[in-house]
Amino acid sequence: MNDIRIIGPFAQMITMNGLPSKGPVSDDELEIIHRGGLAIKHDRVFKVGKFRDLRKEHASAPCIETEQDTVALPGFIDPHTHICYAGSRANDYAMRIAGKSYLEIAQDGGGIWQTVRQVRAARPKNLLEGILTRAESMLRNGVTTSEVKSGYGLTPESELKMLETVKLANKCSAVDLVPTCLAAHITPKDFDGDSGAYLEFMAQTLFTRLKAEKLSNRVDIFIEEGAFKAAEAISYLQRAKENGFELTVHGDQFTTSGSRVAIEVGAVSVDHLEASKPQEIEALARSRVTATVLPGASLGLGMQFAPARKLLDAGCALAIGSDWNPGSAPMGDLLVQASILGASEKLSNAETFAGITCRSAKALNLVDRGTLAENYLADLVGFPTNDYREILYHQGMLKPNLVLKKGNKVY
Ligand code: NIG
Ligand code: FE
């Protein structure tokens, strides 16, 4: 028993335990342990309870005592990012403010294609530094797990370069980085063939290698005008599924059809959904696909938020991601974005927190985190307050005073 450590006391522990995996959640449903603590064994939660009781049960265990009132939550999980990139798209941002649309900029050879050229030219060392700097900033903001996509290489070699760098970054960073292959982001302008031929080529050259080299277990595609069409996406995703990949889709960002594809192929999540209408919302609610919304992209593009309230009321599982990328979502602060979405879409504290903890774990098919409960990873974020409602009220400006990753104090 002597490898147990205790941490606490926490003015409130918001465990996120026992919440429904789909649909609305009210704050009354939150399990709140007052003067709570954690007993940790190796990297996992051994027990959650009252700090005093845990101290008594494990009298000889080492103890980290919190020095001020702290509210604890499970470490945040960002289910959608593109933090492996080089360069800046401040030029895009300026053009958008001046009135050009995201799709117009892309059609003129800017947008994603600009970052592709910069990533192809970047040395792996520089890509690595960029990921680690962004992961460090996530950690300080309480994010202990983050998904990371490729998708700015768009040749087999440069997609592999991105995913190899993410794999290395995962070893160097305290944040768990979950890699996703987004070779199907757009058809690169220098590919000799149409979008169907490009997808065929990438599936053929990449899928087996990704599995063999354990570079990614997830495949994503951007279904949109100027990216990929629904029909070709279905064949590509079905092929990925046959090769053992979990699926996710960038869908319904400007036009609908992506969410329909996600449901048809049995994707784990469909992400964006700013353009989803009642028909798409109802279909998603009936499905097992997690609806991941990305308020950072709405803020970056100056467009409406995804209909988060309607998605929840219809019965969807709603996760919230930052979409951190150099183009549409350069801010990268999940808590700021989730708080603003919550205020605008009238989400309860419980719904917003679920979106960045237990429900974002579901969006990544991770069953060992997102909740403070026995046997889950001891990933925790603490805030200097005695009332959990202060956290979203301050819209991300109340910063964590404690971050634990796998039982270790990392911040
Ligand atoms: O999720 N929508 C497509 N892809 C990314 C943006 C990538 C970029 O603009 O560089 C997104 O918003
Ligand atoms: Fe994205």
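Residues numbered from 1 in each chain as written. Chains lettered and ligands numbered in written order. Predicted model: local features only at pLDDT ≥ 70, side-chain atom pairs only at ≥ 80, totals over all residues. Heavy atoms only, no water.

## Quick word on the overall build of the chain
To be explicit about the condition: What counts as a helix is a DSSP run of H or I of at least four residues, what counts as a strand is a run of E of at least two, and both are numbered from the N terminus. As a reference, a globule follows 2.2 Å times the number of residues to the power 0.38, and the radius of gyration itself is taken over C-alpha atoms. Accessible area is worked out with a 1.4 Å probe on protein chains only. A residue is then buried under 20% of its type maximum, exposed over 50%, and partly exposed in between. In this analysis, two residues are considered to be in contact whenever any of their non-hydrogen atoms come within 4.5 Å of each other.
A count of helical and extended segments in the chain gives 16 helices and 16 strands. Compactness check: the chain gives a C-alpha radius of gyration of 21 Å against a globular reference of 22 Å for 411 residues, within 12% of the reference. Counting only C-alpha atoms, the chain reaches 70 × 45 × 40 Å along its principal axes. Across the 411 residues of the chain, 61% fall into the buried class. Once local pairs closer than 6 in sequence are excluded, the contacts in the chain between residues at least 24 apart make up 72%.

## Thoughts on the coordination of the iron ion (ligand 2)
Going by this rule: Donor criterion used throughout: N, O or S atom within 2.8 Å of the metal, extended to 3.2 Å for Na, K and Ca. Water excluded; incomplete-looking sites may result.
For the iron ion (ligand 2), the full set of protein donor atoms is His80 (NE2), His82 (NE2), His250 (NE2) and Asp323 (OD), at a range of 2.1 to 2.3 Å. For the iron ion (ligand 2), all donor residues lie on one chain, and their spacing in sequence is H-x1-H-x167-H-x72-D. Here His80 is found in the loop between strand S6 (76–78) and helix H2 (90–97), whereas its partner His250 is found in strand S10 (residues 246–251), with 170 residues between them in sequence.

## Quick word on the sheet that holds strand S7 (residues 143–149)
Using the following cut-off: Only when DSSP finds a minimum of two bridges between them are two strands counted as paired. All axes are obtained by fitting lines to C-alpha atoms, using only the stretch in contact for helices, and the reported angles, taken between N-to-C directions, cover 0 to 180 degrees.
Overall, parallel pairing links the 8 strands, which are arranged S6-S7-S8-S9-S10-S11-S12-S13 in an open sheet. Looking at which strands have only one partner, the edges of the open sheet turn out to be S6 and strand S13 (318–320). Going from strand to strand, the sheet's axes swing by 25° on average, the running direction of each strand aside. Bridge analysis of strand S12 (residues 290–293) against S13 gives 3 bridges, and the strand direction is parallel.

## Side note on the domain arrangement of the chain
It is common to give the size of an interface as the accessible area lost on bringing the parts into contact. As a reminder, the rule being used: Throughout the structure description, domain borders are defined by an automatic or database domain assignment. Here the buried area means the combined drop in accessible surface, using a 1.4 Å probe, for two parts upon being joined, counting both sides. The rule for a salt bridge is simple: a side-chain nitrogen of Lys or Arg has to be within 4 Å of a carboxyl oxygen of Asp or Glu. By the criterion applied in these results, polar contacts are pairs of N or O atoms within 3.5 Å in which, for protein atoms, one can donate a hydrogen and the other can accept it, and in which residues neighboring in sequence qualify only through two side-chain atoms. Charged means Asp, Glu, Lys or Arg here, nonpolar means Ala, Val, Leu, Ile, Met, Phe, Trp, Tyr, Cys or Pro, and polar covers whatever is left, Gly included.
Annotation of the chain at the domain level lists domain 1 (4–74 + 371–409) and domain 2 (77–363). For domain 1 versus domain 2, the distance between C-alpha centres works out to 30 Å. The partner domain 2 presents 33 residues to the 32 residues of domain 1 that form the contact. Together domain 1 and domain 2 conceal approximately 2400 Å² of surface at their shared face, both sides included; 62% is due to carbon and sulfur atoms. Across the domain 1-domain 2 interface, the total number found is 3 salt bridges. Of the charged contacts in the structure, one is a salt bridge between Asp176 and Lys405, with a shortest N-O distance of 2.8 Å. Joining domain 1 to domain 2, the criterion identifies 16 residue pairs in polar contact (both at pLDDT 80 or more). Looking at the side of domain 1 that touches domain 2 residue by residue, the classes come out as 19 nonpolar, 6 polar and 7 charged.

## Things to note about helix H10 (residues 278–286)
Put simply, the rule is: This arc corresponds to the set of directions leading from the helix axis out to the C-beta atoms.
Taken together, the buried positions of H10 are Glu280, Ile281, Leu284 and Ala285. Buried residues of H10, seen end-on, are gathered within an arc of 135° and therefore sit on one face of the element. Opposite the packed face of H10, turned more than 90 degrees from it, sit the exposed residues Pro278, Gln279 and Arg286. Residues of H10 that are buried sit in contact with helix H9 (258–265), strand S11 (269–272), S12 and helix H12 (308–314).

## Examining the site of ligand 1
What counts is decided by this rule: One heavy atom within 4 Å of a molecule or strand is enough for the residue carrying it to be called near that molecule or strand. Surface accessibility in these figures is a Shrake-Rupley result with a 1.4 Å probe; residues are shielded only by whichever protein chains are displayed.
Taken together, 15 residues lie near ligand 1, and Arg89, Tyr102, Tyr152, Asp323 and Ser328 sit nearest. In the model, an oxygen atom of ligand 1 is placed 2.6 Å from a nitrogen or oxygen of the Ser328 side chain. Relative to its unbound accessible area of 330 Å², ligand 1 is 100% covered by the protein chains. Residues belonging to the shell around ligand 1 are distributed by class as follows: 4 nonpolar, 9 polar and 2 charged.

## Looking at the nonpolar core
This is how the line gets drawn: As used in this record, nonpolar core signifies buried Ala, Val, Leu, Ile, Met, Phe, Trp, Tyr and Cys residues forming a set joined through side-chain atoms within 4.5 Å.
Core analysis: the largest hydrophobic core is formed by 101 residues, its most contacted members being Phe76, Ile221 and Tyr236. Ranked by residues supplied to this core, first place goes to helix H7 (residues 195–212) with 7 residues. Summarising the domain contributions, this core has at least three residues from each of domain 1 (4–74 + 371–409) and domain 2 (77–363). Setting aside residues up to four positions removed in sequence, Ile221 forms contacts with Leu182, Ala184, Leu199, Phe228, Ala233, Tyr236, Leu237, Thr248, Val249 and His250. Residues Ile33, Ile40, Leu372 and Leu404 belong to the second largest nonpolar core, which totals 14 residues.

## As for unusual backbone geometry
Following Gly8, the chain continues to Pro9 via a peptide bond in cis, the omega torsion being -5°. Looking at the secondary structure, you find Pro9 in strand S1 (residues 4–14). The backbone phi angle of Met16 is positive, close to 65°, even though this residue is not glycine. Positioned with a positive phi, Leu154 is a non-glycine residue whose angle comes to about 60°. Residue placement: Leu154 occurs in the loop between S7 and helix H6 (156–172).

## Topic: the pairing of S12
Formally: A crossover gets the label right-handed when its path from the first strand over the helix to the second runs clockwise, viewed with the strands pointing away from the viewer.
Because side chains alternate across S12, one face comprises the buried residues Thr290 and Thr292, and the other comprises Ala291 and Val293, equally buried. Pairing between S11 and S12: 3 bridges, direction parallel. The residue of S12 that forms the bridge with Ser269 is Thr290. For the handedness criterion, the β-α-β arrangement of S11, H10 and S12 is classed as right-handed.

## Structural notes on the environment of Ala59
Its place among the elements puts Ala59 in the loop between helix H1 (51–57) and strand S4 (63–65). Expressed as a C-alpha distance, the spacing of Ala59 and Pro330, which sit 271 residues apart in the sequence, is 48 Å.

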